[in-house]
Amino acid sequence: NSRNDVLSQLVAAIGSGGVEVVDLTQTLSEATPVLVLPPEFGQCAPFSREVISRYDERGVAWYWSNFTVCEHTGTHFDAPVHWVSGKDLPANSVDTIAPADFVASAVVIDCSAEAETDPDFLLDRSHIEAWEAAHGPVPARSWVLFRTDWSKRDVDAYTNRREDGAHTPGPNAEAVRYLIEERDIIGFGVETIGTDAGQAHLLTPPYPAHTLLHGAGRYGLQCLENLDRLPATGTVLVAAPLKIENGSGSPLRVLALVAKT
Ligand SMILES: O=C(O)C(=O)c1ccccc1S
Ligand SMILES: [Mn+2]
């Protein structure tokens, strides 16, 4: 019998093109740029791999590799335990987060014009309120995806590192507090390396996105791309990290389901 339940309708719509599946994930390779912290701190490992065999004497009919990667390399998920502010919260690691949180609605706030003229642009509460005047309130338990078109840049302009660190956009504390306290978002997603701005160590509190989001049990997504292919509202985001025991995050595939009206 042809089931007509909501999931059957979803699968049928994906098959017919009525729902587009947009890949928001950077290809993960040895070339993937990673966060660089000041030299006194431990560093994020880039992706690296060693081919075990490729249909050869090491394995005649199979191709596989060992790879090494940081939990925070490339397009990845930040769990609350990643930051000291979230270290004692329940269900705060990638293996303990409620699975329902891995499928949620998402909105896109486009600040690509502002970021184009100022690499240190900070999203403020006023920008969110202007967006809400046009699109309605940010829905509770949704992801807020911060579009800057940073993913369209070549690698040097993407990392935009200078001697005093990276110069990349992000949210200020007031914006993050508003999204958590007034709109109860599930998380904040960005195209840049880091949900925080490159100069966020100078903000109050330092690294406000990490500090406040994870301190409130919310999540981060970083190094996204293709946000320009999403509508301002109505996207369903599928973002399920690897189930690493007590993991702070993980590289993952991020998919956006978009209804084609
Ligand atoms: O979560 C991350 O990947 C990230 O951006 C980060 C990680 C560790 C320290 C500072 C930052 S800013
Ligand atoms: Mn991270």
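Remember, it's a predicted structure, so these values are computed and weren't measured experimentally.

Draft legend 1. How the structure looks around the packing of helix α3 (residues 125–135) against helix α5 (residues 173–182). Two elements in contact, α3 and α5, have axes whose closest approach is 7 Å; the angle formed by their N-to-C orientations is 45°. By the criterion of interaxial angle, the relationship of α3 to α5 is oblique. Across the interface between the two elements, Arg125, Ile128, Glu129 and Glu132 from α3 touch Glu174, Ala175, Tyr178 and Leu179 from α5. For the contact of α3 with α5, the residue count by class is 4 nonpolar, no polar and 4 charged.

Draft legend 2. Spatial organisation of the site of ligand 1. In the neighbourhood of ligand 1, the contacting residues comprise Leu35, Leu37, His72, His76, Asp78, His82, Trp83, Gly194, Tyr207, His210 and Gln222. The separation between an oxygen atom of ligand 1 and a polar side-chain atom of histidine 82 is 2.7 Å. One of the side-chain N or O atoms of glutamine 222 is found 3.1 Å from an oxygen atom in ligand 1. Protein coverage of the free-state accessible area of ligand 1, which is 320 Å², stands at 87%. Taken together, the residues that form the shell around ligand 1 break down as 4 nonpolar, 6 polar and 1 charged.

Draft legend 3. Region of interest: the coordination of the manganese ion (ligand 2). Taken together, His72 (ND1), His76 (NE2), Asp78 (OD) and Gln222 (NE2) make up the full set of protein donors to the manganese ion (ligand 2), lying 2.1 to 2.5 Å away. For the manganese ion (ligand 2), the 6 donor atoms are set out with angles of 58 to 168° between them, so the coordination reads as irregular. Read from N- to C-terminus, the donor residues coordinating the manganese ion (ligand 2) fall into the pattern H-x3-H-x1-D-x143-Q. Each member of the pair, histidine 76 together with aspartate 78, is buried.

Draft legend 4. Up close: the sheet that holds strand β15 (residues 254–259). The sheet built from 9 strands is open, its strands ordered β1-β15-β13-β5-β7-β11-β12-β4-β14 with mixed pairing. The two strands at the open ends of the sheet, each matched to only one other strand, are β1 (19–23) and β14 (249–251). Taking each pair of neighbouring strands and ignoring which way they run, the sheet shows an average axis angle of 25°. Its contacts with the sheet put helix α6 (residues 208–215) on β4 (76–78), β11 (187–190) and β12 (219–222), and the angle it makes with β12 is roughly 140°.

Draft legend 5. Just the packing of aromatic side chains, in detail. Counted according to the given criterion, the structure contains 9 aromatic pairs. Ring plane angle 80° and centroid distance 6.2 Å describe the contact between phenylalanine 77 and tryptophan 143, whose orientation is recorded as edge-to-face. You can see phenylalanine 77 sitting in strand β4 and its partner tryptophan 143 sitting in strand β7 (residues 143–147), a full 66 residues away along the chain. Here the two residues phenylalanine 77 and tryptophan 143 agree in accessibility, since each one is buried.

Draft legend 6. Layout of the environment of alanine 100. In this fold, alanine 100 is placed in the loop between β4 and β5 (103–110). The spatial distance from the C-alpha of alanine 100 to the C-alpha of valine 238 is 10.0 Å, given a sequence separation of 138 residues.

Draft legend 7. Just the pattern of salt bridges, in detail. Evaluated as defined, the whole model comprises 14 salt bridges. Its salt-bridge partner being glutamate 20, residue arginine 229 comes within 2.8 Å of it at the nearest N-O pair. Within this pair, whereas arginine 229 is found in the loop between β12 and β13 (235–239), its partner glutamate 20 is found in strand β1, the two being separated by 209 residues in sequence. A relative accessible area of 23% places glutamate 20 in the partly exposed class. Arginine 141 serves as the salt-bridge partner of aspartate 101, at 3.5 Å between the closest nitrogen and oxygen. Residue aspartate 101 is found in the loop between β4 and β5, and its partner arginine 141 is found in the loop between α3 and β7; the two are separated by 40 residues along the sequence. With a relative accessible area of 33%, arginine 141 lands in the partly exposed category.

Rules and cut-offs
Residues numbered from 1 in each chain as written. Chains lettered and ligands numbered in written order. Predicted model: local features only at pLDDT ≥ 70, side-chain atom pairs only at ≥ 80, totals over all residues. Heavy atoms only, no water. Axes fitted to C-alpha atoms, helices over the stretch in contact; angles between N-to-C directions. Helix = DSSP H or I, 4+ residues; strand = E, 2+ residues; numbered from the N terminus. Parallel < 35°, antiparallel > 145°, perpendicular 65-115°, else oblique. Contact = heavy atoms within 4.5 Å. Nonpolar A, V, L, I, M, F, W, Y, C, P; charged D, E, K, R; others polar. Near = heavy atom within 4 Å. Polar contact = N/O pair within 3.5 Å; in protein donor to acceptor, adjacent residues only side chain to side chain. Areas by Shrake-Rupley, 256 points an atom, 1.4 Å probe, with all protein chains shown as cover. Donors = N, O, S within 2.8 Å, 3.2 Å for Na, K, Ca; no water. Tetrahedral: all angles 85-135°; square planar, octahedral: opposite > 155°, others 65-115°. Buried < 20%, exposed > 50% of the residue type's maximum accessible area, 1.4 Å probe, protein only. Pairing = 2+ DSSP bridges. Phe/Tyr/Trp six-rings, centres within 6.5 Å; stacked < 30°, edge-to-face > 60°. Salt bridge = Lys/Arg side-chain N within 4 Å of Asp/Glu carboxyl O.

Just geometry here; none of it tells us what the structure is for.
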